[in-house]
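Next come the chains, spelled out residue by residue.
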Amino acid sequence: MSTFLQSFLDPRKNWFARQHMNAISTRLKKYGLRYDDLYDPYFDLDVKEALNRLPREIIDARNQRLKRAMDLSMKHEYLPADLQAMQTPFRSYLKDMLALVKKENAEREALGALPLYQRTIP
């Protein structure tokens, strides 16, 4: 990626990127979610594989956050302000494992091996 594009997307350098990140952070805090909770394991099989490799405690915490967010959304409510202040929406738990899975898949493809999984749409 070019340095111009990196500086354009970096929230520390670009005012618009910082405003966008703050808006996302505010919306995630209202429901108690993290940014990594938004990844869908049914859409991307790499995400599914990365989630399968994480410890059970992290997966349970993710499922609890998602259930709480769905419950709050159905009730048309938000988390109380004191709980919103404690939320950390950009603390990543999936990024490192997802990068590892993508790296392994790229290496497997470079070596000419068959992919571990293939999605077929019926």
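Here the structure is shown first, and the text comes after it.
Computed from a predicted structure; not experimentally measured. (Residues numbered from 1 in each chain as written. Predicted model: local features only at pLDDT ≥ 70, side-chain atom pairs only at ≥ 80, totals over all residues. Heavy atoms only, no water.)

### Description of the packing of helix α3 (residues 45-53) against helix α6 (residues 95-110)
Phase 1 of the analysis: Viewed as axis vectors pointing N to C, α3 and α6 meet at an angle of 120°, and their least axial separation amounts to 9 Å. In terms of their interaxial angle, α3 and α6 are classed as oblique. α3 and α6 meet at a crossing whose hand is right-handed. For the pair formed by α3 and α6, the contact residues are Asp46, Val47, Glu49, Ala50 and Arg53 on the first element and Met97, Leu98, Leu100, Val101, Lys102, Glu104 and Asn105 on the second. (Axes fitted to C-alpha atoms, helices over the stretch in contact; angles between N-to-C directions. Helix = DSSP H or I, 4+ residues; strand = E, 2+ residues; numbered from the N terminus. Parallel < 35°, antiparallel > 145°, perpendicular 65-115°, else oblique. Left-handed = near helix turned anticlockwise from the far one by under 90°. Contact = heavy atoms within 4.5 Å.)

### Side note on the nonpolar core
What tends to happen in soluble globular proteins is that the nonpolar side chains get buried as a cluster.
Phase 1 of the analysis: Of all hydrophobic cores here, the largest spans nine residues; its members are Val47, Ala50, Leu51, Leu54, Ile59, Tyr93, Leu94, Leu98 and Val101.
Phase 2 of the analysis: Counting only elements with at least two residues in this core, the list comes to α3 and α6.
Phase 3 of the analysis: Sort the elements by how many residues they give to this core and α3 lands first, with three residues. (Core = buried A, V, L, I, M, F, W, Y, C linked by side-chain atoms within 4.5 Å. Buried < 20%, exposed > 50% of the residue type's maximum accessible area, 1.4 Å probe, protein only.)

### Details of the side chain of Asp46
Phase 1 of the analysis: Structurally, Asp46 is set in helix α3.
Phase 2 of the analysis: In terms of polar contacts, Asp46 uses its side chain to reach the side chain of Asn105, at 2.7 Å. (Polar contact = N/O pair within 3.5 Å; in protein donor to acceptor, adjacent residues only side chain to side chain.)

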